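If you want the building blocks of each chain, they are given just below.
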Amino acid sequence: MLADTGRVRKQIMEKNVILSLKNVSKTFPVGRLINHLLIPDSGEIWFQGKEISHISQDEMRPIRKDMQMIFQDPAGSLNPRMRVSELIEEPLLIHTDMSAEERAKIVNNLLKIVGLSDKHASRYPHEFSGGQKQRIGIARALTVNPHLVIADEPISALDVSIQAQVLNLLHKLQEEYKLTYVFISHDLSVETAPKEMLYKTPLHPYTEALLSAVPIPDPTLHKERIILEGDIPSTINLPKGCPFAARCKKCRPECLEQRPERVEVEPGHFVACHLYKK
């Protein structure tokens, strides 16, 4: 996909997603293009053996049933005036002629599948946590049994402690429903290593700051906390240099201009930081 020139080429198969990416803009609306909400200037978008980039909206309507979206902001994607049952059953009202009883049965079943209860069906979005709202969004995406789910930053707005739960749920649903996922993400991972090595010798300043915030279960011990200052970069308009540069006390001029590459400092220990550039 050549986003900077407006060219798009995607081929989405029943079991696999093939993305050809080159010079993709951070703000490029990949999900909207796949879902035919935007029309590419040139190129092709293939879905289940059919080229769909320039078909009409009437032709796209039955196809859209097979591709659903999970949005980045779970709160913003749920109408606050609608009950959970109404939110989840809405795709059924659009794409099927099921009775109210049939729709209610599907809604209650999906709530249980995503880890909620049928008792939640009568509640409103503001009564749920961020992780629960995203589970509601996932249930809504599964209502019409899609083949493809486009997940636009599905965990970036969630607390770190909840992110793993949502990812595990998505993995479980992929196996059960034979889903194909397109994950759209701006992953800011800066360091990877075996856990013992990472906790013993963190290298990246961001890793050091995160670990300094971990509480020690002993009130007699003192641990110096690293307080991060500065602004967190926008995930839709990342800086051209290191994403952590604005908050890093060890920032160099090159950190603001050039994105650091991952290097292996010791066997199994990788870090993306100009401090460890080879």
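Please refer to the structure placed before this passage.
Quick summary incoming for the structure in this document. These figures come from a predicted structure and were not determined experimentally. (Residues numbered from 1 in each chain as written. Predicted model: local features only at pLDDT ≥ 70, side-chain atom pairs only at ≥ 80, totals over all residues. Heavy atoms only, no water.)

Some points on the sheet that holds strand 6 (residues 148–152)
Taken together, 3 strands build an open sheet; the order of strands is 5-6-7 and the sheet is parallel. Looking at the sheet topology across the chains shown, the edges are occupied by strand 5 (67–70) and strand 7 (180–184). Averaged over all pairs of adjacent strands, the angle between strand axes in this sheet comes to 20°, irrespective of strand direction. (Pairing = 2+ DSSP bridges. Helix = DSSP H or I, 4+ residues; strand = E, 2+ residues; numbered from the N terminus. Axes fitted to C-alpha atoms, helices over the stretch in contact; angles between N-to-C directions.)

Details of the nonpolar core
The nonpolar side chains of a soluble globular protein tend to be buried with one another. In terms of nonpolar packing, the biggest core is built from 27 residues, with Ile88, Leu111, Ile136, Ile138 and Leu173 touching the most fellow members. A per-element tally of this core places helix 5 (residues 130–142) first, with 5 residues. Filtering out sequence-adjacent residues up to four positions away, leucine 111 remains in contact with Val84, Ile88, Leu116, Ser117, Asp118 and Ala121. Counting residues in hydrophobic clusters, the runner-up holds 15 residues, among them Ile34, Ile63, Met69 and Ile184. (Core = buried A, V, L, I, M, F, W, Y, C linked by side-chain atoms within 4.5 Å. Buried < 20%, exposed > 50% of the residue type's maximum accessible area, 1.4 Å probe, protein only. Contact = heavy atoms within 4.5 Å.)

Considering empty space enclosed by the protein
According to the stated counting rule, one finds 2 cavities of 30 Å³ or more in the structure shown. By volume, the largest cavity amounts to about 60 Å³. Grouping the amino acids of the lining of the largest cavity by side-chain chemistry returns 8 nonpolar, 2 polar and no charged. As for the second largest cavity, its lining consists of Cys248, Lys250, Arg252, Cys255, Cys273, His274 and Leu275. In terms of residue class, the lining of the second largest cavity is made up of 4 nonpolar, 1 polar and 2 charged. (1 Å grid on protein atoms, 1.4 Å probe; cavity = no way out; pocket = protein on both sides within 12 Å on 5 of 7 lines; lining within 4 Å. Points joined across faces, edges and corners; volume = space filled by probe spheres on them. Nonpolar A, V, L, I, M, F, W, Y, C, P; charged D, E, K, R; others polar.)

Concerning the environment of serine 129
Of note, serine 129 is situated in the loop between helix 4 (100–113) and helix 5. A relative accessible area of 40% means that serine 129 is categorised as partly exposed.

Thoughts on the side chain of arginine 135
As for its position among the elements, arginine 135 is in helix 5. For the buried residue arginine 135, which engages in no salt bridge, the nearest side chain bearing the opposite charge is glutamate 176, 11 Å off. Engagement of the side chain of arginine 135 in a polar contact is seen with the backbone oxygen of valine 114, the distance being 2.6 Å. Sequence-distant contacts of arginine 135, that is, excluding residues within four places in its chain, are made with Val114, Gly115, Leu116, Gln165 and Leu169. (Lys, Arg positive; Asp, Glu negative; His and termini not counted. Salt bridge = Lys/Arg side-chain N within 4 Å of Asp/Glu carboxyl O. Polar contact = N/O pair within 3.5 Å; in protein donor to acceptor, adjacent residues only side chain to side chain.)

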